Each structure stands twice: as C-alpha cells, then as structure tokens.
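Working through the structure, step by step
Each chain is listed here by its residues.
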2 protein chains.
Amino acid sequence: MSERTVREIAVAAKAASRVLAPLDEAKRNAALEAMADAIAAAGPELSAANAEDLKAAESLSGEDALSPSTLSRLKLNKAKLQEMVEQIRSVAALPDPLGRVLDATELDNANPLPGGSVDGLHLQKISVPLGVLAVIFEARPDAVTQIAALALKSGNAVMLKPGKEVERTAIALVDVLRKAVAAAGLPSDLISLVLGRERAAEMLAMHDAIDMMIPRGAKKLVEYVQANTRIPVLGHAEGICHIYVDLAADEQLALRVIDDAKLDYPAACNAVETVLVHRDIADEFVPKLAEHLSRRGVKLHGDSEVLKLTKDATPVADWSHEYGEPEIAVGVVDSLDAAIAHIHTHGSSHTESILTEDAVAAERFLREVDAAGVYHNASTRFADGFRYGFGAEVGISTSRFHARGPVGLDGLTTYKYVLRGRGHVAGDYRGVAGRSFTHRKES
Amino acid sequence: MSERTVREIAVAAKAASRVLAPLDEAKRNAALEAMADAIAAAGPELSAANAEDLKAAESLSGEDALSPSTLSRLKLNKAKLQEMVEQIRSVAALPDPLGRVLDATELDNANPLPGGSVDGLHLQKISVPLGVLAVIFEARPDAVTQIAALALKSGNAVMLKPGKEVERTAIALVDVLRKAVAAAGLPSDLISLVLGRERAAEMLAMHDAIDMMIPRGAKKLVEYVQANTRIPVLGHAEGICHIYVDLAADEQLALRVIDDAKLDYPAACNAVETVLVHRDIADEFVPKLAEHLSRRGVKLHGDSEVLKLTKDATPVADWSHEYGEPEIAVGVVDSLDAAIAHIHTHGSSHTESILTEDAVAAERFLREVDAAGVYHNASTRFADGFRYGFGAEVGISTSRFHARGPVGLDGLTTYKYVLRGRGHVAGDYRGVAGRSFTHRKES
C-alpha cells in the first residue's frame, strides 16, 4: 500500500466511495460491526505497534520531547481499545444520514405519453455522501477509528494522515480496518493511509479527487490547510468566544455561567476568552467577578477601567487571543451596541453569549450577532455536537459554508435532485400555450 | 465611490450587511420596492448611459468586435427596463429565506436557577444571510438589478463587477439603486461597484471580507475564479450532461426527450451533449436516432459502433466536450454499469438522465449516478431553478458543497444556532450524577 502514489490512493478512494454510496444502511452498519469486532480481536498486535510509537516518543528529548498530556493521548491501553470499539458501535447505531428526502415537489400531475408507472413529474432532494474525505490529525490513535466509522456511516471513503508520533499505531489500525471492511464485502480502499508531510501536501492539491479536508489539531495546522488548498475545509482555526454581561444581568447567574464557560475545560475552543461588562454595572460587578475568578485560580487581564476596579488584573495585550488556559480578558463597554461591535471585531464567529434579564436586549443580541452560536443566559461550552443532540461530532466549523457550528454526520453529506417523469420535456412548458408547472409540495 | 480601494468597498459592504441582516422582511421588501420604482423613474438617464456603451461596442472591429447576440443583450430598451422593474418586484414577492427555524431541540426541560422567562434550555437552527456576495458578470445590464434584488432579499450586501462593455450602464444603474436603498433608510453600501480587471483580482484575495463569489459567464471566467480564490465559488464551469438509452427504453419517448434535451436551447448548460445507447438496441435505435437528429439539423458524432450504423456521423473527438450547439455525441455501451462508468469519467456532475421502462434499472441509475441531478424518463433541461419551483435562480452549482444543482435564494443563506437558557452550564451535565440532556425535537 505504501508504494502507491497519493493520486493513486485518492483515485482508488473515489472509486470505492462510489461503490459504497448506493449501499443501504444495513450493509454499512454490518461493515461497522465488522470493524468493531476486528479491533476488539486485534488487541495484542495493536498494543505492540503502539508500544513502538510510545518507545520512540519517550526517547525524544529537548525541544522534540512530547508533553505528558500528548504521551497520555498517544498511549493505547485496554480501556482505550474498549472505548474505540464502543465508539464504532455507537456510530453504527446513529440514524442513517443518507437517503433522507429533504424536499419533494410535484412539478406536474400529468404525463405527455401513455404508460409508465409514474404519474406526473416528481422532484426529490435526497441526502447523499460527499465522496472522499481527507483527515489530517495529530497523536491520537482513537481518531483513526472514530473518523473511519463516521466516514463509513455517512457513505464516504476516507484518507487518513496521522501525526508522525502515532504512525506505527495508525498503520496497524488501518490494516485491521481495511481487512474488516473487505471481509464485509466492501472495498478496502474506503479507508487508506497517507504518511509523511510531503504526501500530505500532495493531498491538498487534489481538489478533483478529494471532496473535503478535515484538519484536526492546532491552530497552525488548520490555518496551513486553509491557506493551501482549494478543497473545502471543515474546521476552525480558533475559538475566541465572548460573554457580554448586560446592564440587566442577574449577578449570581453571571458568575455561575462565566465560571463554567472558562473552567469546565479551558483548552476547548468553546471556552470563553473575553467577558464584556456594561459600564453601568461595572463598579459593582467587576470586583465581584475578579474576586470570584481569583479564588478559582483564573488569571485576569483587564482594560484600563477594569484595572481601576481590581488589583488582581494585568493589562490585556490582545483582545483576539485564545488563552486556552485558566486566563481571561475582561473589558467594560458602554452599551449593547459596543459589545456587539467588539465581538464582530475580535471574535472568530464561534459562540457568543449574552447574560441579561432584559428580553429585548437578549433578542437583539441573538439577532444581530454574527456567529455560529448565539446564546442567552447559557455557557458557551454547550457548543458541541453531543450536547446539541447530534450523536457524533465531526468537528466545529467557523466557516459560513456548507456546515456551521458543531457538525454531525449530516455535515459529511450533500444532496442530489432526483426527477422521475414519463417523457416530460421542457419545451412543453414554454410560451403562453405551454403547460404550467404545478409546483405542489409533497413533503 | 470610484476612489475607494477594493478593501474599503468590501469592509463597507460587510458593515452594511450587518445592518441589513437583522432587519425583518418588510424593511427588505420596502427597499426592493424603492429600487423598482427608482429604476422605473430613471429611464432617460439609464438609456443615455446605455447608448454610450452601445456606441463604444459598435465601434469595435476585428477581433474585438462583439457578436450580434452580445450586442442585443447589451442593449437596454424600454421593454427590458420594464422587465428589470418587474423582476425586482417578483423577487420582493418571494417567500422570506431568512429567520426560518430549520431545526429546534429542547436540550433540557428544567432551570438550574429560579426566575427568567425561559423554561429549560432550547436550541434553534435559524437561517441567516451569508454576508457579502461578489458577482462577476458579463455584458448584461439586467444582471445588475437581478443580482442586487436577490442579494437584498436574502439579507446580503453585494459587490458587482460588470463586464467592460456594460460599465457605463452599470455605473448608472448602481447609482440609481444606491440612492433608492439610502432613501429607504438602508446603507447604500449594500450595493457597490468594482470596475476593472485588476480590482476584480483584488476581490478574489479578500476571503476575510467576501463570503461568496458568483462568476456568471463563460467557462474560462468560472475556471479562472475557481483557481484563484479561497472564497467559496457558486457556479459551474461546464455542463456535460448525458442521456442513457437503456435496453428497455420506449423508442418514441427516447426520441422526444433527446430532441428536447438537445434542441430546446442548445447553448444551455443543461442541454445534453452525449447519448449512450445500450448495445442490444443499438442496431435498431441508432439509425432512427441518426435519422431524427439529421432531419432536425443536429450534427452527429459517433464512436466506431455508431459510425457502422449510420453514414450521418463523424468520429467523436472528445467525450468531455460541451458543444453548446446543435451537435451531439452518440456512443454504444454494453450495460447500465458501462453507462454509469462513462458518465462518471466524462460527466461534470451536472444532470444525467436514464430512459427506460425497467423500474429496477431506473432506480439503480438514480441511486448510483453521482451528479447534482439524476433523472428518469425526463429531459435534462428541467435542471433550472424556476422549473424546480424555487422562484428565482441564483445559478447552478456543480460543486458538492453548500448548494448543489439549481440554487435559489436559500443558497445565499447560512444558519446560526440560537440557544436560550436560564443560567445553564455544561458542568451540570458531567459524570454519572450529572443531569441528562432531554434532546427532544421541537420542530
């Protein structure tokens, strides 16, 4: 497999995707179950491959050394293997994203020719797979099985480019998955591996064969992919989320929500980075907020107004910075309009929340703020596919195109229009004497 | 206006789009009515500007000379002005594409804090505008008003780059429209003009300010735009549509549909370019088809099998060629599978049709062919926004992303997630003792 060129891999993936696309849900689910069984049975060989990755990773020193958290993510123990197996099964159990009738319209109710089983001209909009996904990810073995499962469930082929640290584990995993897929009667080229930076760069140029790029990793990786491909990219380079504490905010609610939005998981893209406080409540609220955050171990950065109100803060260096740590910027704004303007200037269109008891202010914020998620009296941390009820999350998109916000299996589909007639021709509907379309909704 | 840089124009357009986005339908429709009235009242000045464009166009000679059909499209007479006015009014009358609840889910039915007007945690997915559209078009005055109307109706700002031949007319039209929009209380920067090739190229680089590029014109223009921008492109470079005449086709139906698909409007992207005939009926059907097409003045190109069956054909030079004329390629295939493989190799994923009385073959074709439109016993010419019942057509997309096939006003929108709570935080749903999401569909 490693001798094939990236183009050959992509072309084979496209061909495999066209075999998979028309298959019904039962066949796709059977392949997923086969994948889960195969991973469960391959514990020893997977652990051996992973041990090699771990050994290599632990031998790195100095600048190359991996952080303890990266090493822990890299490690594939029994519990993680079991989780991977369960994750594949849970993807199989999700509702089928394909073949859904998104729209149905009768264009005409009569036939120009006798016979046939169709009565009239009928248009349907049906969900179908995208085709070939290419995923670039970092040192996570579970990314291999999770992405492969999501791709197969949604009828897509997938090309996987793992981080260097996890290469041996990824090779072993993909080998097991390809064999399982083939044993289930599907083309093994539905899942393939692309190794090395240069080959990853080659993928970026294949807009004719690859339908979607999914970079999963640090901001630098996402930005590099976005800047260097014509293939549509699903992802987000950063999450600069704001909470605006309005004039009419409930103080206890505000402290509770800000605490969660910052501390539930500070490294997440949906963690809050900036709190904006209305001037009229700043004197009272900012010291309380500073006291609360300081007690909770959060480092505070403030604008000049905030620095006057608390001694716990240092000046804000950059309002567009994603801390990813228990650190937060706090600023004072004159009005709801000023808060919205600040968000549009410094935000990343990810998730923005207003805290207020004033329903009119809340509705203005929800309507006027341009972001994938706009919240009232809730933590930004809810921006997540599982919390939204999608079952699985492919990623979070800050693009305005195709899919926005948390993306579930639907984000891996597109649609096609299916038209069924009985010799219907466009010329029959031309001119004053022509037939008229009925355009009757059937869905 | 012409002194502003392209970036200044784009930034002003973005700001204007954010003023427009939250406005309700009545305000957008009032602006559209004002635009229609203003165009109706500006007949003399628009005709004067158009006369200058026409004079310049008519003075061109040799290679630069415009074709009679281009000159006729360029000309703005009374009837065309009236059509433009009516077109704006008909866009105003379309259903509002914004603020539609695409999905609604209750995430929880209880509140962690007392008070508030909301009961539980509720998520909505709401349609919103894209932001700023940039449209590059050729010598059509009516493109200015049509695009501006579609943009405004869908809550977007628009930057218009007209062809050189229509510049004076476009300047006059945009001037009238900007004043009308301002008089209706909206920012005039919702509609702006970008003149010249170099400034158009600058637009292509502004992926941070422009949300969608719409190239309207020849294949070369579309391909140039697709290759030179990171901004998502709505459009299609070409339409290589196929009709597959199956073993079990009804002969009369087949001749009728092929006639329409080729001759209703040969220059259209949804006209058929290639007919594939099943081998088992080729001996009988190909001579009849050749006779019919020849009588109708269609030039025939054939593969070696077809050349044996008729003397009216010349060899096919390129199966991926868009004739755009009364010319057609005909080939013989061994099976439905061979037809599908040919379509996937040579098609442009635009619109593909099978003609057959065999329901199983038809359903296989509709399911397996990967294209924006897949038809059974109907002409490819139905691939059109008006015929599909969209009211207005923004364009036809052969991309798999965002919008596919004929695109109506919906294609100019995206969505955002609106979450309303009462101090809900993600931490409450963590661990075995945590609350559970209800994830109850509310739409």
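Analysis parameters
Sequence positions are assigned chain by chain, starting from 1 and proceeding in written order. Whichever chain is written first is A, and whichever ligand is written first is 1; the rest continue in order. pLDDT decides what is reported in this predicted model: residues at 70 or higher carry local features, side-chain atom pairs at 80 or more are listed and counted, and totals for whole chains, interfaces and linings draw on all residues regardless. Side-chain descriptors were evaluated using all non-hydrogen atoms of the structure, hydrogens and water having been removed beforehand. A run of H or I in DSSP counts as a helix once it spans at least four residues, and a run of E counts as a strand once it spans at least two, with each numbered from the N terminus. What fixes the domain bounds is an automatic or database domain assignment. Contact criterion: two residues are considered in contact whenever any of their non-hydrogen atoms come within 4.5 Å of each other. One side-chain nitrogen of Lys or Arg within 4 Å of one carboxyl oxygen of Asp or Glu is enough to make a salt bridge. For this analysis, a polar contact is any N or O atom pair within 3.5 Å, provided that within protein one partner can donate a hydrogen and the other can accept it, and provided that sequence-adjacent residues contribute only side-chain to side-chain pairs. Whether two strands pair depends on DSSP finding at least two bridges between them. Relative accessibility under 20% of the residue-type maximum defines a buried residue, over 50% an exposed one, and the middle range a partly exposed one, all with a 1.4 Å probe and only protein chains included.

Backbone geometry at A:His439 places phi at a positive 45°, although glycine is not the residue there. Within the element layout of this structure, A:His439 appears in the loop between β16 (413-424) and β17 (440-441). Look at B:Asn377: it is not a glycine, yet its phi comes out positive at around 50°. Within the secondary structure, B:Asn377 is located in strand β13 (residues 373-378).

Each domain of chain A was delimited in the assignment, giving domain 1 (6-97 + 128-227) and domain 2 (241-387). Each of domain 1 of chain A and domain 2 of chain A was reduced to a C-alpha centroid, and the two centroids are 37 Å apart.

For the rest of this paragraph, the subject is the interface of chain B and chain A. Chain B puts 75 residues into the contact, and the matching count from chain A is 76 residues. Here chain B is connected to chain A by 14 salt bridges. As a salt-bridge pair, A:Asp264 and B:Arg430 come within 2.5 Å of each other at their nearest N and O atoms. Our count for the chain B to chain A interface comes out at 61 residue pairs in polar contact (both at pLDDT 80 or more). Element by element, the count of residues in the side of chain B that touches chain A is highest for strand β16 (residues 413-424) of chain B, at 11 residues. Two strands pair when backbone bridges link them, and strand β13 (residues 373-378) of chain A and β16(B) are joined in this way by five bridges, in the parallel orientation. Its bridge partner lying in β16(B), A:Gly373 is registered against B:Tyr417.

Residues and elements named next belong to chain B. Here glycine 302 lies in strand β9 (residues 299-302). On the basis of relative accessibility, which here comes to 3%, the residue glycine 302 falls in the buried class. With near-sequence residues (within four places) excluded, glycine 302 lies in contact with Leu307, Ala313, Thr314, Pro315, Val316 and Val330.

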